[in-house]
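Listed here are the chains, written in short residue letters.
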Amino acid sequence: MPEISFTNLLLVVSVAFAAPFLLGLAPRLRLPSIVLEILAGIIIGPAVLGWVQVDEPIEVLNLIGLAFLLFLAGLEIDFGRLRGPLLRLSALGYVISFAIAIIVSLGLKSVDLIETPLLVAIILASTALGVVIPVLKDVGEISSRFGQLVIAGATIADFGAIFLLSIFFSGEGGTGATIILLALLLLLAVVTYFALVGAERSRRISQELMRLQDTTAQIRVRGAVVLMIAFVALAETLGLEVILGAFAAGAILTLVDQDQAMTHPLFRRKLEAVGFGVFIPVFFVTTGLNFDLDALFASTKALVMVPIFLAALFVVRGLPALVLYRRLVDGRRAAIAGILQATSLPFIVAAAAIGLDLDLLSQAEGAALIAAGLLSVMIFPLAGLVLLKRAGMGPAGRPPVEPAVADQPTVAM
């Protein structure tokens, strides 16, 4: 058995602990902890101090962290609300965003700033749902029409980006073969959903799950992990990106687990505790460790791409929201929605890693995209939060708003 050292991992998990703790000691510094985790990873990694190298233990936890991140993203989808005007506007907004992203990317290609316009367009049209939701919760807008509009748009952008990335940059038999594989994965997801619903309706199985869910067995958490790993392995076997499998598993679980506040109210909090408490921070710190700082500063071209990509994120996601969302909310709220949806980082990190592995992105492009994502997470949520509070949409100043869509019938799990 090869000798394994946990010294590098110790430094990584120490950074993962220190980042949110230090931010908690400075509440006025409204900075998502993932930004500090990535920046700290850059500092302690090969690019600066060279204290930590990515070894086998870190790499394993890093891969699980990426899977958990997409799994929990799939778990955030509210299918009950994602319909009607919200769905139509969000879908149309994403189509327009992607069209703008294609135009922008072709323009960047024409001046020799990027190599693969389609991949860059998919990245620019993405949104960080996991970053947007805490901002809406902070101002008490999570259930309002405005909040649900933002979440719907971010959800469609997350799903669309993962789907398009899988179609065009996954599989070995071309786009047609990949679509067939995606259809097969979807079919298996549907079969899995009905199998889980059928099992839940068994009185004996349901009683046993209830009995074991809060014991040391933590049976629902174990079952969720089995589901996630199964679909990650399935996606890998089919030659698809593992992030699609993880996202699909989360979406299946959110469809099955619709009575989360009744029979098992702590289930999702436990999954978040496992994901955000253990694996996901390692993924973000490792992103910093792998960040090629030399490539970013090696040429003026790379540095120029950072503000260009940041501006592109704002235009691609912000402009359609400003135009379309005025049908459901006023102009100020539509503009704020656009600013929030211009936030993107987790998908950028994952897609950039795929692009680098496939030699579709240069090191400079990958570093510039991640740097732009970091800046978007630092700037756009804070700007949106300030504008929301100036608009009187904070908990103290905002009048109660009814949810956009009534609650739907639930299925027990």
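None of these values were measured; they are calculated from a predicted model.

**Here's the deal with the overall build of the protein chain**
Counting its secondary structure elements, the protein chain contains 17 helices and zero strands. Taking all 413 residues of the protein chain together, the buried fraction comes to 51%. Looking at the protein chain as shown, the accessible area adds up to about 18700 Å², and 67% of this sits on carbon and sulfur atoms.

**Here we look at the packing of aromatic side chains**
Under the definition given, this model contains nine aromatic pairs. Geometrically, the ring pair formed by Y94 and F98 is stacked, given 6.4 Å between the ring centres and 15° between the ring planes. In this pair, Y94 and F98 are both assigned in helix α4 (residues 84-110), four residues apart and thus about one turn of the helix distant. Of the two residues, Y94 and F98, neither departs from the other in class, the shared state being buried.

**A closer look at unusual backbone geometry**
Unlike most non-glycine residues, D112 shows phi in positive territory, near 65°. By secondary structure assignment, the location of D112 is in the loop between α4 and α5 (117-124). By relative accessible area, which is 53% here, D112 ends up exposed. We note that Q218 has phi near 40°; this positive angle belongs to a residue other than glycine. Secondary-structure assignment places Q218 in the loop between α9 (203-212) and α10 (219-237).

**Structural notes on the environment of P46**
Within the secondary structure, P46 is located in the loop between α2 (33-44) and α3 (56-75). Sequence-wise, P46 and F291 are 245 residues apart; in three dimensions their C-alpha atoms are separated by 8.8 Å. Not counting chain neighbours up to four residues away, the residues in contact with P46 comprise V52, Q53 and L289.

**So, the pattern of salt bridges**
Summed over the entire model, instances satisfying the criterion amount to two salt bridges. The partner of R211 in a salt bridge is E208, and the shortest N-O contact between them spans 2.5 Å. Placement of both R211 and E208 in helix α9 is noted, with a separation of three residues, approximately one turn of the helix. On the basis of relative accessible area, R211 is assigned to the exposed category, the value being 52%. Among the salt bridges present, the one from D214 reaches K270, with a minimum N-O distance of 2.5 Å. With D214 in the loop between α9 and α10 and K270 in helix α12 (residues 267-290), this residue pair connects regions lying 56 residues apart in the sequence.

**Side note on the side chain of S97**
Topologically, S97 is positioned in helix α4. With near-sequence residues (within four places) excluded, S97 lies in contact with V316, R317 and P320.

**Some points on helix α1 (residues 7-25)**
For α1, which comprises 19 residues, the first-to-last C-alpha distance of 27 Å matches the rise-based estimate of 27 Å (1.5 Å per residue) to within 8%. Residues of α1 that are buried: N8, L9, V12, V15, A16, A19 and L23. Contacts made by the buried residues of α1 are with α2, α3 and α12.

**Some words on the packing of α3 against α12**
For any two helices packed against each other, the geometry comes down to the angle between their axes and how far apart the axes lie. The contact between α3 and α12 brings their axes to 7 Å, and the two run at 130°. Taken together, the axis directions place α3 and α12 in an arrangement best described as oblique. In this structure, α3 crosses over α12, and the sense of that crossing is left-handed. Every residue of α12 that contacts α3 at I58, L61, N62, I64, G65, L66, F68, L69, F71, L72 and L75 is listed here: R268, L271, E272, V274, G275, F276, F279, I280, V282, F283, F284 and T286. Of the residues belonging to the contact of α3 with α12, the class tally is 17 nonpolar, four polar and two charged.

**Some points on the packing of α3 against α10**
Viewed as axis vectors pointing N to C, α3 and α10 meet at an angle of 110°, and their least axial separation amounts to 11 Å. The angle between α3 and α10 places the two elements in the roughly perpendicular class. In this structure, α3 contributes A67, F68 and F71 to the contact, and α10 contributes A224, V225, M228 and V232. Along the lines of polarity and charge, the residues of the contact of α3 with α10 split into seven nonpolar, no polar and no charged.

**Regarding the confidence of the model for the protein chain**
Of the residues in the protein chain, 88% have a pLDDT of 70 or more, and the chain-wide mean is 80. Within the protein chain, the lowest mean pLDDT, 69, falls on helix α6 (residues 129-138), and the highest, 91, falls on α5. Across residues 394-413, confidence stays below pLDDT 50; counting only partners more than four residues off in sequence or on other chains, it has 47 contacts.

**Things to note about the nonpolar core**
Counting 114 residues, the largest nonpolar core has F71, L165, L271, F309 and F347 as its most contacted members. In terms of residue count, the dominant contributor to this core is α3 (11 residues). With residues near it in sequence (within four places) discarded, L271 still touches F68, F71, L72, L75, V221, A224 and L253. Formed by 21 residues, the second largest nonpolar core is a distinct cluster that contains L136, A154, A334 and L388.

Criteria and cut-off values
Residues numbered from 1 in each chain as written. Predicted model: local features only at pLDDT ≥ 70, side-chain atom pairs only at ≥ 80, totals over all residues. Heavy atoms only, no water. Helix = DSSP H or I, 4+ residues; strand = E, 2+ residues; numbered from the N terminus. Buried < 20%, exposed > 50% of the residue type's maximum accessible area, 1.4 Å probe, protein only. Areas by Shrake-Rupley, 256 points an atom, 1.4 Å probe, with all protein chains shown as cover. Phe/Tyr/Trp six-rings, centres within 6.5 Å; stacked < 30°, edge-to-face > 60°. Contact = heavy atoms within 4.5 Å. Salt bridge = Lys/Arg side-chain N within 4 Å of Asp/Glu carboxyl O. Expected span 1.5 Å × (residues − 1). Axes fitted to C-alpha atoms, helices over the stretch in contact; angles between N-to-C directions. Parallel < 35°, antiparallel > 145°, perpendicular 65-115°, else oblique. Left-handed = near helix turned anticlockwise from the far one by under 90°. Nonpolar A, V, L, I, M, F, W, Y, C, P; charged D, E, K, R; others polar. pLDDT = per-residue confidence, 0-100. Core = buried A, V, L, I, M, F, W, Y, C linked by side-chain atoms within 4.5 Å.

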